[in-house]
Amino acid sequence: MPMLSVAAIIKNARAIGVAIPAFNVPYLPMIEPLVNAIADQDSFALVDTARPEWIKFESKGPAAVAEEFAKWRKPDHVRLHLDHVPVIDEDDQRVDYLPIFKEAITLGYESVMIDGSRLCLDENIQATREVVELAHAANIPVEAELGAVLGHEVGPLPPYEELYASGLGFTDVNEADRFVRETECDWLSVAIGNVHGAIAVGRKDQKKIEARLNLDRLEQLRRATNIPLVLHGGSGVKQAYVIGAMKHGIAKINVATEIRQAYEVALKGTGSVVKAQEAVYARTTWLLKEYLGIAGIRARVAG
Ligand SMILES: [Zn+2]
């Protein structure tokens, strides 16, 4: 039987009410323990890298990640996804994004994310549509973002409770409806109280705040869009909210800070890449089994 596409797998996850994690790789040696932990739990996940991780960390770029991934690949359990390629980046610089997508598709990435969330609605629609046309021609699903999942920026976040109470940056339901119809994106990253872990120098080692999620807003977004929704900033969200989110349309959840900090702390403490890899393996195993509850899920989503 041919392998299912990532688009089909994420659809299956949505149908049975679970979320497939996408584990971010800011350091190349994280890939081996990630793949092994996912396969050992007979689970399914994506390995991905975002532009900030090759600009500000050490993943080097889509080609280096694809090359390392190819050494450990287990396609029944893990596929490669291109995370956040922003149109305007976290430092307010414009990005020449189309060549990055063309390269990733050539390299064998099976899904991609365009992040036009720092643009106005019309420009976000236009940029996303451009990438959808490019990627769909190669049968690659596209994730887009609407609303503002804050945290990657250089400046500090407003106090979290203030942010949550005001709903600042939360994805608007009417805009989401229009956005999905006009762009024909496959998955939508939403802002419902989730925040990214800090990546700015001086703040990236801090413990991440414990975010909450507005599940009522999520349910409205699920009904309005009728496509798989994505939760970015998965690290540090209270578990009950994550489990709730899976029941209301979240079919993919991005996890970066948890495993990055596990790697960095172990490397700093021991000076050993092997020990840092062991820390990633242990943390990933815990995330799959205990936090997300998706050990043993492979056959149900990936056939
Ligand atoms: Zn993100």
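Refer to the structure presented above.
By convention here, each chain's residues receive numbers from 1 onward along its written sequence. Thresholds applied to this predicted model are a pLDDT of at least 70 for local features of residues and 80 or more for the giving and counting of side-chain atom pairs; totals over whole chains, interfaces and linings are not thresholded and use all residues. Hydrogens and water are ignored here; the side-chain numbers use all heavy atoms of the structure.

> Please explain the pairing of strand β1 (residues 20-24) as it appears in this structure.
Within a regular strand, the side chains alternate between the two sheet faces. Of all 5 residues that make up β1, 5 are buried, and the element is covered over most of its length. Any residue under 20% of the maximum accessible area for its type is buried, any over 50% is exposed, and the rest in between are partly exposed; the area is computed with a 1.4 Å probe on protein chains only. Going along the chain from the N terminus, every DSSP run of H or I of four or more residues is numbered as a helix, and every run of E of two or more is numbered as a strand. Neither face of β1 is left uncovered, since the one carrying I20, A22 and N24 and the one carrying P21 and F23 both have all their residues buried. Here a strand pair is declared whenever DSSP counts at least two bridges between the two strands. When β1 meets strand β8 (residues 250-255), the two strands line up parallel, connected through 4 bridges. When the bridges of β8 are listed, I20 appears paired with K252.

> Sorry, what's going on with the packing of helix α6 (residues 121-136) against helix α8 (residues 173-183) here?
The geometry of a pair of packed helices is captured by two quantities: the angle between their axes and the separation between those axes. Lines fitted to the C-alpha atoms define the axes, with helices restricted to the stretch that makes contact. Angles between their N-to-C directions range from 0 to 180 degrees. Between α6 and α8, the shortest axis-to-axis distance is 9 Å and the interhelical angle comes to 30°. Considering how the two elements wind past one another, α6 and α8 form a crossing that is right-handed. Contact with α6, carried on its side by L121, D122, N124, I125, T128, R129 and V132, involves E175, R178, F179, E182 and T183 of α8 and no other residues of that element. The class makeup of the residues in the contact of α6 with α8 is 4 nonpolar, 3 polar and 5 charged. Helix crossings fall into two classes, left-handed where the near helix is turned counterclockwise from the far one by less than a right angle and right-handed where it is turned clockwise. Whether two residues are in contact is decided by their heavy atoms: any pair within 4.5 Å suffices. Each residue is assigned to one class: nonpolar for Ala, Val, Leu, Ile, Met, Phe, Trp, Tyr, Cys and Pro, charged for Asp, Glu, Lys and Arg, and polar for all the others, Gly among them.

> Is there a simple way to explain helix α4 (residues 62-72) in this structure?
Since one α-helical turn is 3.6 residues long, residues separated by three or four positions face the same way. What α4 keeps buried is the set P62, A64, V65, A66, E68 and F69. Considering only its buried residues, α4 is in contact with α2 (31-40), β2 (45-49), α3 (51-55), β3 (78-86) and α5 (98-107).

> Where do I start with the packing of aromatic side chains in this structure?
Aromatic rings in a pair are described by how distant their centres are and how their planes are angled relative to each other. Planes of paired rings set the category: under 30 degrees apart is stacked, over 60 is edge-to-face and the rest tilted, where pairs are Phe, Tyr or Trp rings (Trp by its six-membered ring) whose centres lie within 6.5 Å. Counted under the stated rule, the structure contains 5 aromatic pairs. Ring centres of Y27 and F57 lie 6.1 Å apart, and the angle between their planes is 80°; on these two criteria the pair is classed as edge-to-face. Of this pair, Y27 sits in the loop between β1 and α2 while F57 sits in the loop between α3 and α4, and the two are 30 residues apart along the sequence. The exposure class assigned to Y27 is buried, which follows from its relative accessible area of 10%. By relative accessible area, F57 is classed as buried at 11%. An aromatic cluster is built from Y27, F57 and Y263, whose rings are joined through pairwise contacts. Either the NZ atom of lysine or the CZ atom of arginine qualifies as a charge over a ring when it sits within 6 Å of the ring centre and within 35 degrees of the ring normal. We note R212 situated over the ring of Y164; from NZ or CZ to the ring centre the distance is 4.3 Å. Looking at R283, its charged tip hangs above the ring of W286, at a distance of 4.4 Å from the centre.

> What is the right way to look at the coordination of the zinc ion in this model?
Each donor-metal-donor angle in an ideal tetrahedron of four donors is 109.5 degrees, and each such angle in an ideal octahedron of six donors is either 90 or 180 degrees. Those protein atoms acting as donors to the zinc ion are H84 (NE2), H196 (NE2) and H232 (ND1), and they sit at 2.0 to 2.1 Å. Donor atoms: N, O and S within 2.8 Å of the metal, or within 3.2 Å for Na, K and Ca. Because water is excluded, sites can look incomplete. Along the chain, the residues donating to the zinc ion are arranged with the sequence spacing H-x111-H-x35-H. One end of the pair, H84, is in strand β3; the other, H232, is in the loop between β7 (229-231) and α10 (239-247), and 148 residues separate them in sequence. For H232, a relative accessible area of 1% corresponds to the buried category.

> Would you mind showing me how to read the packing of α8 against helix α9 (residues 215-225) here?
The interhelical angle for the contact between α8 and α9, taken along N-to-C directions, is 30°, at an axis separation of 9 Å. The angle between α8 and α9 places the two elements in the roughly parallel class. Of the two possible hands of crossing, α8 and α9 adopt the one that is right-handed. Across the interface between the two elements, V173, A176, D177 and V180 of α8 pack against R217, Q220, L221, A224 and T225 of α9. Class assignment of the residues belonging to the contact of α8 with α9 gives a composition of 5 nonpolar, 2 polar and 2 charged. With respect to orientation, any angle under 35 degrees is reported as roughly parallel, any angle over 145 as roughly antiparallel, any angle of 65 to 115 as roughly perpendicular, and every other angle as oblique.

> When you look at the pairing of strand β5 (residues 142-146) in this model, what are you seeing that I'm missing?
Here β5 lies mainly inside the structure; 5 of its 5 residues are buried. Here β5 shows no split at all, with V142, A144 and L146 on one side and E143 and E145 on the other all buried. Look down the strands so they point away from you; if the path from the first strand over the helix to the second goes clockwise, the crossover is right-handed. The β-α-β motif built from strand β4 (residues 111-115), the intervening α6 and the parallel element β5 has right-handed crossover chirality. As paired elements, β5 and strand β6 (residues 187-190) share 4 bridges and run parallel to each other. Looking at β6, one finds that L146 is bridged to V190.

> Please explain the sheet that holds β5 as it appears in this structure.
Strand-to-strand pairing in sheets goes through backbone hydrogen bonds, with the strands running parallel or antiparallel. Reading around the circumference, β1-β2-β3-β4-β5-β6-β7-β8 is the order of the 8 strands in this closed barrel, with parallel pairing throughout. For this sheet the average axis-to-axis angle between neighbouring strands, irrespective of direction, equals 30°. Bridge analysis of β6 against β7 gives 3 bridges, and the strand direction is parallel. Bridged to L188 within β7 is L229.

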